[in-house]
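Observations on the three-dimensional arrangement
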Amino acid sequence: MRSAVILAKEAGFVAAPPPAGREYTLSDRRTISEYFLQLYCSARRAHGNPDRTEFIWLDEFCLSDDNLPPDEDIVSAQRSTELSRLADIFRRAAHVVVFCHEENCDHTGLACIWGQRLFTIPEILHAQDVWQLTRRCEPNGMTAQLFPVPAHKFREKMKINAERGENWHLHAVLQHSDHGGAVAGDVVLHALVTEAIRRDEAGGFRDHEFLGKVLNGLLPRRARLADLGNGGWEDLAWLLELNQGSYDATILAAECSLADVGHEGVEWLGLPIAPRPGTERCTPLAIAFPVFSESGVPLAIHGQVVNFTTPQRDLNGLYTNNDMKGVRNLVWTIAVIFLTISALLWLSGQYTASKIIYIVTAMLYRIVELLAGTIYLVRSGWVFLEDAQWGRLGNLDPTLHNLDSWGDPQCSPQWRPSGRRPYFTAKLVDLRRRVYVDVIVVSRPTSMVLVASHGSGVTAILTSPHADPNQRRIGAARKAGMCHLPMYIREEAVESDPIYIGTLTSSDSP
Ligand SMILES: [Zn+2]
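Presented here is a report on the structure given in the accompanying data block. Because the structure is predicted, anything quoted here is derived from the model rather than measured.

About the thresholds
Residues numbered from 1 in each chain as written. Predicted model: local features only at pLDDT ≥ 70, side-chain atom pairs only at ≥ 80, totals over all residues. Heavy atoms only, no water. Donors = N, O, S within 2.8 Å, 3.2 Å for Na, K, Ca; no water. Tetrahedral: all angles 85-135°; square planar, octahedral: opposite > 155°, others 65-115°. Helix = DSSP H or I, 4+ residues; strand = E, 2+ residues; numbered from the N terminus. Buried < 20%, exposed > 50% of the residue type's maximum accessible area, 1.4 Å probe, protein only. Axes fitted to C-alpha atoms, helices over the stretch in contact; angles between N-to-C directions. Parallel < 35°, antiparallel > 145°, perpendicular 65-115°, else oblique. Left-handed = near helix turned anticlockwise from the far one by under 90°. Contact = heavy atoms within 4.5 Å. Nonpolar A, V, L, I, M, F, W, Y, C, P; charged D, E, K, R; others polar. Core = buried A, V, L, I, M, F, W, Y, C linked by side-chain atoms within 4.5 Å.

Let us now look at the coordination of the zinc ion. Six octahedrally arranged donors around a metal ideally form angles of 90 or 180 degrees; four tetrahedrally arranged donors ideally form angles of 109.5 degrees. Here the zinc ion is held by the protein donor atoms C100 (SG), C105 (SG), H107 (ND1) and C112 (SG), which lie 2.2 to 2.3 Å from it. Angles of 103 to 114° at the metal separate the four donor atoms of the zinc ion, which places the site in the tetrahedral class. If you list the donors of the zinc ion from N- to C-terminus, the spacing comes out as C-x4-C-x1-H-x4-C. Placement of the pair is C100 in strand 1 (residues 96–103) and C112 in the loop between strand 1 and helix 5 (120–125), with a sequence separation of 12 residues. Of the residues examined, C100 reaches a relative accessible area of 0% and is grouped as buried.

Attention now goes to the packing of helix 13 (residues 325–347) against helix 14 (residues 351–373). Running from amino to carboxyl end, helix 13 crosses helix 14 at an angle of 165°, the nearest separation of the two axes being 8 Å. Comparing their axes, helix 14 and helix 13 come out roughly antiparallel. Between helix 13 and helix 14 lies a crossing whose hand is left-handed. Within the contact between the two elements, helix 13 uses V327, V331, W332, A335, F338, L339, I341, S342, L345 and W346 and helix 14 uses Y351, A353, S354, K355, I357, Y358, T361, Y365 and V368. Residue composition of the contact of helix 13 with helix 14, by class: 15 nonpolar, three polar and one charged.

Generally speaking, soluble globular proteins have nonpolar side chains that are buried together. Within the largest apolar cluster, 78 residues are counted, with the highest numbers of intra-cluster contacts made by V193, L215, L236, W268, L269 and I301. Tallying contributions element by element places helix 8 (residues 185–202) first for this core, with seven residues. Other than its neighbours up to four places away in sequence, L269 contacts W233, L236, A237, L240, L252, C256, S257 and A259. In this structure, V306, V437, V441 and L485 belong to the second largest nonpolar core, which totals 22 residues.

Everything listed here is a matter of geometry and, on its own, says nothing about what the molecule does.
Following this line, the structure appears as structure tokens:
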């Protein structure tokens, strides 16, 4: 439609003020479609008998308009149904004509605006025969030509361009569409879902109103159209619940960044990270699947958890720190000397002097022990530190001044914060091995739920307690952020009860 609008504007078309909630009036939409149809017919004339009838599904222009009288609800329902059937409409089409207004564009490149849209996926994935409609600048003005091409050849060229542009998700989807079996089923479904989300976000549809409708018909199991009415992440989560026999949502949960506000029931979903060398391999470490709840579609996770500890003074600091070795040996030597003197005095009958030396030695030893205990922190477990606390860590324990970082050198995934939700940066610190990890969170987490082996490390969902005590009681937790950790974290994790990322109704308690 956007390209048709440009055709119309080039011809001098001026739009009337639109009704509320629409970009154009119905009359203007019809006029815009005529500009496109004239261009199509001018190109089509060269192919076969020019005097014939064709039935054309003209994309956006053929969807029922929300503002049509008489019964708006019925019309909206019809539009919703049509959107859910796009995959079927284009699958059954005799020819699919691909068009954008850019000059000399064959529409197979990543830069073509047609190929960037969410709805393009169902349009092309199962098309039987493709006609490329391309504009050309001729001496007598701008013209258009049709180039018929078998659909598999068109997709092959799209695939080559996806490979050149390193869009590996699109590449996997196209590879599978004409060479079934060349890519594992799970990988294709993950690529399809991820590519759909990415396109929706890139198109500015951050609420993902049509995401479920577009994917319905492309995934192995389809939802009843009546169940895909709400839009947003909820529709996607419901589709994934239906398709859990074919697709493990654990992988998606491991790749999703933080969701926007207003999706508490499905907050394990968000914009997935793009494949990056080093982290493309993602293997589930937990059993996780979306579950239906009247409050949303939370992700149930059965797996391992690492709980954060709070930094505590190490009362055994004199004995547990190697850099106390010199002090420890000196104190022990002095103590042995004084205790020997005390024993000799006792044997020579000077009991009072012996007792005084013994008590003073014991008191001084205890004082040194206590002083050493104020210098160090207990070296065990992981702590969560906001940036302000992080700056003070070296003051709390001098041995924690210089820590090793885990992140970029290990090609860790980079989850993006949601621009519409307040967030802050913080660090996770492994006190035992003196390693830290940078994280972005929306709340203070209390534990890490290990979900996948991801590249060279382990990906975990940072969780914080639910504000509602009933939700906490039935195992629901909030997603505070994502993190990537060294592989050894698995040794420190413990099996946990089922955790639900999202919100459950009380009657759904496990
Ligand atoms: Zn194009």
